Every structure is written in C-alpha cells, then in structure tokens.
There are 2 protein chains.
Amino acid sequence: MAVELIFVGTELLLGNILNTNAKYLSERCALSGLSVYYQSVVGDNEERLAETIRTGLNRSDILILSGGLGPTEDDLTKETAAKVLGLPMVEDPHTKELLKQYFAKLKQKNVTESNWKQALVPEGAVVLDNDNGTAPGLILEKDGKTIVLLPGPPAELIPLFEKKVEPYLCSKQPETIRSTMVKICGVGESKVEDMIKDMIAGQDNPTIAPYAKTGEVHLRVTARAQSEDEAKKLMKPVVKELKSRFGNHIYTTKEQDTLEQVVVDMLKKYELTLTTAESCTGGLLAARLINIPGVSEVFKSGFITYSNKAKRKLLGVNKNTLKKYGAVSEETAHEMAKGCVFETDSLAALAITGIAGPDGGTDDKPVGLVYISCYLNDQVVVKECRFKGDRNKIREQAVVRAMDLLRRCIIDHFETKK
Amino acid sequence: MAVELIFVGTELLLGNILNTNAKYLSERCALSGLSVYYQSVVGDNEERLAETIRTGLNRSDILILSGGLGPTEDDLTKETAAKVLGLPMVEDPHTKELLKQYFAKLKQKNVTESNWKQALVPEGAVVLDNDNGTAPGLILEKDGKTIVLLPGPPAELIPLFEKKVEPYLCSKQPETIRSTMVKICGVGESKVEDMIKDMIAGQDNPTIAPYAKTGEVHLRVTARAQSEDEAKKLMKPVVKELKSRFGNHIYTTKEQDTLEQVVVDMLKKYELTLTTAESCTGGLLAARLINIPGVSEVFKSGFITYSNKAKRKLLGVNKNTLKKYGAVSEETAHEMAKGCVFETDSLAALAITGIAGPDGGTDDKPVGLVYISCYLNDQVVVKECRFKGDRNKIREQAVVRAMDLLRRCIIDHFETKK
C-alpha cells in the first residue's frame, strides 16, 4: 500500500526546526512494509493544505499528516482534512471529558472556546487518545482511502504512532512484517558487507539490510509471513547464521539497546565500577555513559586530562613516559588507565588519548591516531586506532571503540572459558 | 518570490537519513526574503519526479532541487528536469575538463561512460563549479521560471548554495536583505518577548524575530533596503536599542559565534585557565568546550564526580558538607569549584551538581534543582537553578548556564569599573 506523509507547519518552511518526524515515520512505514513515495511539507494555510491533501488522495492509499492539531487559530489540519473528505465536525464526548480532567488537574481556570475546539472531530473518526498532550490522534476513512492525523511534537507523535497507528496499519496489510536488528561493532562497513555477500545475493524472505553508524554497522533482518510467529521462525536461522559469522562482534540483537546500555548492563552484572580518563574526547565518553539511567551504580568518576600536566598530576602518568613516548602513545594510554584505578579504587578503567585534529598531526603521528586502553583485573589492554574523518567524527569513533574494548575485555575475562 | 524545495532520494523516503538540507535551504531562503510554501521529497523515479517538477512550476517561481546528480543510473534529476523544460542535453567542455583533472588526480583508470555523463548539461544551463565533488550545480531558466539543481551531500550543497546560488537569487530580488543575530543568555523566552513587545508591535523594517534555543534566546534583526549599506544603517539603531535593554545578557551579535566560542575567547583574552567539575552533567560541559579548536590553551583538565566519594576524593569536598547539606547544595557546589583550583592550579573553575532525574528528586530538592559555581580570583559565586524538562534538557540547560556564569564573572572582574 502506498503511504504519503504530509507535514504541516510554518516553522518547517522557515527552517526553524529539523523535520525529525519525516525520518521517523518513513522508517517505521518501511519497517511495516508500506511504501512511501512522497513526503510534503506545507504551511498552516487552508488552501495550500487542502490542495496537498487532494493531490495525495489521488495518488496514495493512506495519508499520514502531522502538525496543526493544536487549539490556536493557526491550527487547521483537522478542519481542512474534514472539509476535503466532506465530513462535518462533531463533538466527541470522550475527548471533552479527558480535556475537562486535564484542565482541572492543571487548575487552569480560563479555559477558552479554542481549548474546547480540541474536542471536535470529523464525523465517524476513530479517536486515538493522546496520553502526552491535549490533541487526540484521528483516523478518517472514506471511499477506500485513509487519512491519519497526528500531533506534531515527537513526544506525542511517537507513542501515538507506535501504540495506535502501527497496529491499525498492520491490520490493513495482507502480511505480517517483523524485523530484528543485529548490531555489530569493531568490523568496518565494507568488511561486514563482504562477509554476508552470499547471504544478501539470493535473498528474498527474510532480507538483510546493512545500516552504517559511526563506528558500528547494524543489520536489519526483515521477514514477511502470515503471522508473527511464522515471521520469527523465518528470521531465526538467519540471525543464527549471522551470530556464527560475527561472534563477539555482535553486541546485541535487541532493537532498543545501544552500545552504552549493553556496557552499563555488563558492568552491573559483574558488579564492576568504571572510571574514565579522556584526553582528545574531553568528556564525550563519560557524557555518553551517563545517558543511561541508573549508571551511578557503576560509574562514579572520570578525568578529563587534556594537558600533559593534567595527565601527570591527576593520573600519575610518568614524566619520562610523556617525554620519551609522547602524550599520544601506547605507553601513556597504559598509564592513564592504571592511574584511573589507582586514584579512585574503581575496578575497571577506560582511557583515551589521541589526535582529533584539525591541527597537531605529524607524519609519524597523524590526525586520527588514537590509543584506547582498558584496565580490568590487573591487566591493561591498549588498542592503537587510526580513524578517518573530521574532529568530531574521530572523537565519536574513539568513544564507540572504547566502549567496545571494555565490552570485549569483560567477555574475555568473565564469559570465556579459559 | 515563491520558492519550492524538492529533495530527490529514496534514502529520504526510507527514513535512512534526516533531511538536514530541508532545514538549511528553508532557513537560507527565509533569510534572503524568499517565501517557501512547499517542500517535497520524491524518490529516484522519473515519472514521479517529473510530476513533482511540473506541479512545482505551476505554483512557484523558483524550484530548488537537491540530490540525484551523481553518475549512476539511479541519478536522473538533471535529465528529468531537462525533459520537463524541453531542453536537450549537451556536453559542457569546461565540466569535462574538470572531470578529466579530477580522475587524473585520483589516478582512476577505469573512467566509465557513466562518469562522463556528469559533463552533460541541459542546453543553456548556467554551470556552477563544485569544488567538493564531481557533480556541478546547474541553473535552468525558461518562460520566467527558474530551476536550480544541487548535489545532495551537504558538504557539496552548502558551499555551492552560499557561493553561487544565493548571490544569483539575491540578484533577482528587487531589494537587498540583510540580518544580524543578537544572542541572549540568562533571560527566559517569555521575559525577552515581554521586554521587546513595544519594538515588535509596530515593526515593519527592520523586523525582530525571536528564536528560542536551550537556555538561550536569539533575536534575528532583518532589514530590507536598496543596498547592503542602507540595510546595515537601518539595523544599527535597533541593535543599539536591544543592547541598551539587554546589556550583559547579550553574549554576542555575531551570527557564527556560539556561547562556548565566546567563553573560550574570553579565557584566552585574559590568559585564564579553566578546570571543570561535573556531577549530573557528567562531562557534557567539558565536551562542549573542547569542540572549540585551540581550547587546549585554556582548558587543561576536568573532573567528573558522580558519586559522593569522588567529590571527596578527587575534589576534597568535606565529608561533613556532604552529610549536612547533601551532594546537591550550594555548599557542595562551592567546595567543588574550590577543589578544582586546588587540585590543578587553574585560575578559574566551573562546577555543576544537581538532580537531572528522572529519579532522585524529593519535595525539598526536586528534579531540575542544579547548583552551578564559578571560581575566579579567589571568589566563588554559586547560582541555584530550577530547570524544567527531561534528563537531557536539564543537563543541557545546566551546561549553558554554567558557561554563562563564567562569562558574567569574567565581565564583572575584568571589564566592569569598580
């Protein structure tokens, strides 16, 4: 079925905000096996919006509109869609009741006419309760065509789409589509593609699609079947084959898990505490780890040691080491990790020192050279990496590789039979 | 003049990438006084692309297309636009020469037919040399309508647009449009709007438009005139009035300057060195500062002290202070900043301790309570902040407020007559 996405909002046409809803909805539609041939952005203007809806109805089966469902005069998506379909607006008692409760809770006294406008819906609409805002989602059907209306803020749009719209769209599909994500770290994109060339060559169902992320490659395995169970059954041998080919390079097969989540979970599992020492990444590694709720159990402290003096004073890196080998060296990285543990009594440590550029590179030590070290159980492992890209790209890759190094050290130490 | 933006690429329809070009081009058009009423995204499909171009030509004066200019068979934007306008494709000798040089430099031997396809242009096209790729930009004109074709990668699109397309579009405008950005920190959005209500009320030329960013408000002052000088002359008294109303709350009037850039520049100017100590922001403040090239002159080290023990051990925060007042308190923030300086001999310090949530809040100390302290010249200033929003929003606001606090302390100390 052909889906068309229409985004309503002058702020998008003025370039005030990035259209993240476009990426999100396109990706989710593709995952559900729905084809998106067009996306349009139009302002809060009745005539232009109506024209865009009419064009969409002529060439697509399902229109998904987002934005313009608020209480102000500018918000006219609902009314315009109803007009195009020839549906009158009627009050939805259930939505009115939810609005009443909402305003009572806020102790808002001056509830205006325009607030109550949000309880009006096109006749016959399926009303989707919005747990995160006052504008409900709506599904309108007429003459074999469907219009889905969603509020613009992602915090409202995403839960509404996943909980209410996706099941509805799937129920209209002749087949069930399920997918799983195999996330790989430590193998380059072209190497990954090479390793699965034979699997991709003759694929039909399931399919494997690679997505490159900074320092990672994700493989999406997608199956079509009559039921969810059958789709899962189809995916199982493919995922198993990927696991046998990539082994420990796979850090998760769970869609929602990030590398930092996996690493924090492992630290918790083995009751480890971590300290970080960062030079060229200057806090990015720590900042990424602390995004995980509950990290305080395992992450207590970190050092940012940008200068040589800081490396010496805060981490006890030897003056001679810095002199003989330089700040960006295997030896300095080694001592930085050890210093973390010595200074804080943590059980594990990660240290990063490198040249992020644009300046500071030499023939011998070019921009992109980064040493990453991991201390665990009285052992220090140091990896030499040569990253490509700009200042930020180099830093991001270093952060990913550092988390991956810790993951591998924990596996080696706790999960591998000696 | 009405501009329509058309983005060509299946990867956008699949949601593989965010359409950052849409935000960029929309913003630039708005700045040049051009109205964008529609954005469309369409795949690499001749029929659908041709239909989209035809629709655009019917309702807009200028179409800007990006993507689909590469050498592969999928790339058909140029050919399709030419077909719709009824223009034959001809070889452009200059582009062919540039391609030859490019492949010679790469020592690429197998230059194929499809590579040379990039030298073909619609007859009469204005060819815009692309310094960052092989596909030139193109401007086509026919029957009073204009089609601009740009390559999709932002690293190619942005320089081409700013160097070649923008001057062209401006030359078609009856007036010159110039703008300047007044960036404010430390005053809330509604307060800012309140303070300039009278200026906005009757505005015509120049105009003032507020943009809210996390922890900041930017005011764009835009003037239309016959010449650049005249536009600047019109803006001058408005910017002066804003400066007199907001004083030190304005951290820059330079479009390209960020708060971190301004703070790093001030540290350099007064030959100060900075150390940071972060609890709830866990490295975000340091990571933001190190984005500025040359920061190593002034930023040498930082601490991430997530746990109480880390605050005690690494920063020397008193055990009794933590016990009596808690980790999130004015007293702890005070001692953290002092500890930074004591441990590292830096001349200035910033410390942040707070509750970013979602857990850990109490009635007394709710989620969003953050203490930020700044040490400078033997004095410690501590600010109590109550931020709203989720974990990330609270952290981002804390980082902005911390940089702003340092900026204000430096102004008080070095730039204010006592």
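If you check an unreviewed UniProt entry, chain A appears there as Putative competence-damage inducible protein from Cuneatibacter caecimuris. A UniProt comment under Sequence similarities (unreviewed entry) is attached to chain A, and it reads "Belongs to the CinA family."

Participant: Please explain the interface of chain A and chain B as it appears in this structure.
Facilitator: Interface size is commonly expressed as the accessible surface area that is lost when the partners come together. Counting residues at the interface gives 58 residues for chain A and 58 residues for chain B. Here chain A and chain B share an interface that buries about 4600 Å² over both sides, 56% of which is from carbon and sulfur atoms. It is Ile290(A), Ile304(A) and Tyr306(A) that lose the most area in chain A upon contact with chain B, and together they represent 13% of the buried surface on that side. Our count for the contact surface shared by chain A and chain B stands at six salt bridges.

Participant: Got a minute to help me understand the side chain of Thr80(B) in this structure?
Facilitator: All names here are of chain B. Turning to its location among the elements, Thr80 is positioned in helix H4 (residues 77-85). Residue Thr80 is classed as buried on the basis of its relative accessible area of 2%. With residues near it in sequence (within four places) discarded, Thr80 still touches Glu46, Leu49, Ala50 and Ile53.

Participant: What am I meant to see in the nonpolar core here?
Facilitator: Within soluble globular proteins, side chains that are nonpolar generally end up buried alongside one another. Judged by nonpolar contacts, the single largest core of 86 residues is most densely connected at Leu406(A) and Leu406(B). Not counting the four nearest positions on each side in its chain, Leu406(A) is found in contact with Val263(A), Leu267(A), Leu274(A), Ala348(A), Leu350(A) and Cys374(A). Listed in part, the 48 residues of the second largest apolar core include Val36(A), Val41(B), Leu160(B) and Tyr168(B).

Participant: Help me understand the relation of the copies chain A and chain B, please; the structure alone is not making it clear to me.
Facilitator: One copy of the chain maps onto the other through a rotation about an axis plus a displacement along that axis. In the superposition of chain A on chain B (RMSD 0.6 Å, axial shift 0.5 Å), the rotation amounts to 180 degrees. Put plainly, the chains are arranged around a two-fold axis. Interface overlap between copies: 100% of the residues of chain A at the interface are likewise at the interface in chain B, consistent with a symmetric, same-surface contact.

Participant: How should the sheet that holds strand E1 (residues 2-8) of chain A be read in this particular structure?
Facilitator: Adjacent strands of a sheet form backbone hydrogen bonds with each other and so pair up, either parallel or antiparallel. Pairing is mixed in the open sheet, where 12 strands are placed in the order E6(A)-E7(A)-E8(A)-E3(A)-E1(A)-E2(A)-E2(B)-E1(B)-E3(B)-E8(B)-E7(B)-E6(B). Of all the strands in the sheet, the pair left with one neighbour each is strand E6 (126-128) of chain A together with strand E6 (126-128) of chain B. On average, each strand axis in the sheet is inclined to that of its neighbour by 15 degrees, with strand direction left out of account. Where strand E7 (residues 137-142) of chain B lies against strand E8 (residues 145-150) of chain B, five bridges are found, and the strand directions are antiparallel. Residue pairing for E8(B): Glu141(B) is matched across the bridge by Thr146(B).

Participant: In this structure, what is going on with the environment of Lys311(B)? I would like to understand it.
Facilitator: Residues and elements named next belong to chain B. Considering the arrangement of structural elements, one finds Lys311 in helix H13 (residues 308-315). For the pair Lys311 and Asn110, spaced 201 residues apart in sequence, the C-alpha to C-alpha distance is 62 Å. Filtering out sequence-adjacent residues up to four positions away, Lys311 remains in contact with Ser279, Thr305, Tyr306, Gly316, Val317, Leu322, Ala327, Thr332, Met336 and Thr353. A polar contact of 3.2 Å, which involves the side chain of Lys311, links it to the backbone oxygen of Thr305.

Participant: I'm lost on the packing of aromatic side chains in this one. Help?
Facilitator: Two descriptors summarise a pair of aromatic rings, namely the distance from one centre to the other and the angle between the planes of the rings. Residue and element names in this part refer to chain A. Under the counting rule described, the total for this entry stands at 11 aromatic pairs over all chains. Both rings, one in Tyr24 and one in Phe161, keep their centres 6.0 Å apart while their planes meet at 80 degrees; by these two values the pair is edge-to-face. Linking Tyr24 in helix H2 (residues 20-31) with Phe161 in helix H7 (residues 154-171), this pair joins segments that are 137 residues apart in sequence. Across this residue pair, the class does not change: Tyr24 and Phe161 are buried. An aromatic cluster is defined as three or more aromatic residues linked by ring pairs; in this entry it consists of Tyr102, Phe103 and Trp116. Above the face of the Tyr38 ring, Arg59 is positioned so that its terminal group lies 3.4 Å from the ring centre.

Participant: Even after reading the chapter, I still don't get the environment of Lys96(B), so can you show me in this structure?
Facilitator: All names here are of chain B. On the secondary structure map, Lys96 appears in helix H5 (residues 93-106). Leave out the neighbours within four places in its chain, and Lys96 touches Glu91, Trp116 and Ala119. At a separation of 3.4 Å, a polar atom in the side chain of Lys96 contacts the side chain of Glu91.

Criteria and cut-off values
- Residues numbered from 1 in each chain as written.
- Chains lettered and ligands numbered in written order.
- Predicted model: local features only at pLDDT ≥ 70, side-chain atom pairs only at ≥ 80, totals over all residues.
- Heavy atoms only, no water.
- UniProt positions renumbered as here; feature names shortened; annotations may be inferred.
- Contact = heavy atoms within 4.5 Å.
- Buried area = accessible area lost by both parts, 1.4 Å probe.
- Salt bridge = Lys/Arg side-chain N within 4 Å of Asp/Glu carboxyl O.
- Helix = DSSP H or I, 4+ residues; strand = E, 2+ residues; numbered from the N terminus.
- Buried < 20%, exposed > 50% of the residue type's maximum accessible area, 1.4 Å probe, protein only.
- Core = buried A, V, L, I, M, F, W, Y, C linked by side-chain atoms within 4.5 Å.
- Least-squares fit on C-alpha atoms with pLDDT ≥ 70 in both.
- Pairing = 2+ DSSP bridges.
- Axes fitted to C-alpha atoms, helices over the stretch in contact; angles between N-to-C directions.
- Polar contact = N/O pair within 3.5 Å; in protein donor to acceptor, adjacent residues only side chain to side chain.
- Phe/Tyr/Trp six-rings, centres within 6.5 Å; stacked < 30°, edge-to-face > 60°.
- Lys NZ or Arg CZ within 6 Å of the ring centre and 35° of its normal.

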